[in-house]
Amino acid sequence: MSAKVFVVIVTYNGSKWVTPCFSSLRKSTVPLHTIVIDNGSKDDTLARIAAEYPEVEVVATGTNHGFGKANNIGMEMAYQRGADYVFLLNQDAWIDPDAVQKLVEAHQRHPAYGVISPMHLNGAGDGLDYGFSNYIAPNKCRGLYSDLFLGRMKDVYDVGFVNAAAWLVTRACLEQVGGFSPSFFHYGEDDNYTQRLQFHKLKLGVLPTSRIYHDREQRPPSKFFESGETFRREVIARSSNPNTHFSFGREWVSVFAHLGYALARVNMQDVKLQLAKIRLLAGIDKAAIAANRERSRTGRAAFLDLDAGNVTAYPKDITLRQVTSAQ
């Protein structure tokens, strides 16, 4: 197989996953060039990668730019160096030796797909990752459950959404759909990307014969899933979807209507919640979100700089603390 495949991994205090993640990439049945974009780790993640995996190229940004923006840096670098495919992999995930090879070969058989995902097992490898199992439910991924049970698997299955813990992204997809929207700092960016795939008539699929392991069962509670942040992200997600119409005016009407209802019932807990939503809604940069939404519809590598030959073109607001090149 002659395809040039780059792996992009965003790291942030991920020391405990360095060995399973990077050791698995060494065992790949196809050559992989791995780029790490570090979001300002404070632990020994970078030291361990440099000492144990010198073949990995590391870009240490020195600060946390979020999941989407950091991945965009890596995707730009990979594209500019001639990548046919970019495999996005979470720092807390690792692969079967033939996982990437199977994904690439599947795309070569089915070029209509912009993104293909492997099956996501849990960290122990004794079951499907729970979130992933919901993404491939019968109402979201037609036929997969039945075909697995009956032993009659097809090659690739269309799916509405798969999280970006392990995505094979094609060069053509980067050129048309682009990178992750800057409207999202952490979480929600992959939902938006799948909506943009749909808008640009590219398919999203899962490959049952390719497997990765995602060790996220023991994650501590995240501030990104607190009620206020969840509300804010949901509003941004709906207003960023290029396939639908969204009105912030209607959002204001809805929140104030809920506030009035809460006041009428003298439900002070709900009153506080609606007032918090009003403050969050007021703080959203609506003009920037609208601009990013329109940019995502252009079909011209939105949010990426794919200027060939501009190999070290990082966003101007990123100051590199360290760059190590693969040996």
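As a convention, each chain's residues are numbered from 1 in the sequence order in which they are written. Since the coordinates come from a predicted model, pLDDT governs what is reported: local features require at least 70, and pairs of side-chain atoms require 80 or more to be given and counted, while whole-chain, interface and lining totals use all residues. Note that water and hydrogens are dropped before the side-chain values are worked out from all heavy atoms of the structure.

**Digging into helix α11 (residues 268-283)**
Owing to its 3.6 residues per turn, the α-helix brings residues three or four apart onto one side. Only DSSP runs of H or I reaching four residues or more are called helices, and only runs of E reaching two or more are called strands; each is numbered from the N terminus. Helices are assigned an expected span. That span is 1.5 Å times one less than the residue count. Helix length check: α11 (16 residues) gives 23 Å between terminal C-alpha atoms against 22 Å at 1.5 Å per residue, within 8%. Partly exposed residues are those whose accessible area sits between 20% and 50% of the maximum for their type, while under 20% is buried and over 50% is exposed, using a 1.4 Å probe and protein chains only. What α11 keeps buried is the set D270, V271, Q274, I278 and L281. Relative to the axis of α11, the buried residues are bounded by an arc of 105° and lie together on one face. Those residues of α11 that are exposed and angled more than 90 degrees off the buried face are Q269, K272, R279 and G283. Directions are taken from the helix axis to each C-beta atom, and the arc is the one they span.

**Things to note about a nonpolar patch on the surface**
Note on patches: the residues involved have over 30% relative accessible area and no salt bridge, like charges join within 9 Å, and the nonpolar side chains Val, Leu, Ile, Met, Phe, Trp and Tyr join within 5 Å. In short, Shrake-Rupley with a 1.4 Å probe defines the accessible areas, and a residue's cover is counted only from the protein chains shown. Salt bridges are counted wherever a side-chain nitrogen of Lys or Arg sits within 4 Å of a carboxyl oxygen of Asp or Glu. Among the surface-exposed residues, Y145, L148 and M153 lie close enough to one another that they form a single nonpolar patch of about 250 Å² accessible area. Residue placement: Y145 occurs in helix α6 (residues 144-150). Y145 sits in the partly exposed class, given a relative accessible area of 33%.

**Overview of the environment of V10**
If you trace the backbone, V10 turns up in strand β1 (residues 5-11). Expressed as a C-alpha distance, the spacing of V10 and G160, which sit 150 residues apart in the sequence, is 24 Å.

**Description of the packing of aromatic side chains**
Aromatic contacts are taken between Phe, Tyr and Trp rings whose centres are within 6.5 Å, Trp giving its six-membered ring; a plane angle under 30 degrees counts as stacked, one over 60 as edge-to-face, and the others as tilted. A complete count under the given rule lists nine aromatic pairs for this structure. Ring geometry for W167 and Y193: centres 5.6 Å apart, planes at 50°, overall tilted. In this pair, W167 is assigned in strand β8 (residues 166-170) and Y193 in helix α8 (residues 189-199), connecting sequence segments 26 residues apart. Exposure class is identical for W167 and Y193. Each is buried. For the pair F180 and Y193, a centre-to-centre distance of 5.4 Å together with 55° between the ring planes defines the contact as tilted. Taken together, the residues span a long stretch of sequence, with F180 in the loop between α7 (171-176) and α8 and Y193 in helix α8 at a distance of 13 residues. Residue class for F180 comes out buried when judged on its relative accessible area of 1%. What links up through ring pairs into an aromatic cluster is the set F67, W167, F180 and Y193. A cation over a ring is seen here: K286 above F248, with NZ or CZ 5.6 Å from the ring centre. Any Lys NZ or Arg CZ that is within 6 Å of a ring centre and within 35 degrees of that ring's normal is treated as a charge sitting over the ring.

**A word on the pairing of strand β4 (residues 85-89)**
Counting buried residues along β4, five of its five residues qualify, which places the element largely inside the surrounding structure. Side-chain alternation along β4 places Y85, F87 and L89 on one buried face and V86 and L88 on a second face that is also buried. In this sheet, β4 lies alongside β1 in parallel orientation, the contact comprising four bridges. Bridging across to β4, V7 finds its partner in F87. At least two DSSP bridges between two strands are needed for those strands to be called paired. Examined bridge by bridge, β4 and β8 share five bridges and lie antiparallel to one another. Of the residues in β8, the one forming a bridge with L88 is W167.

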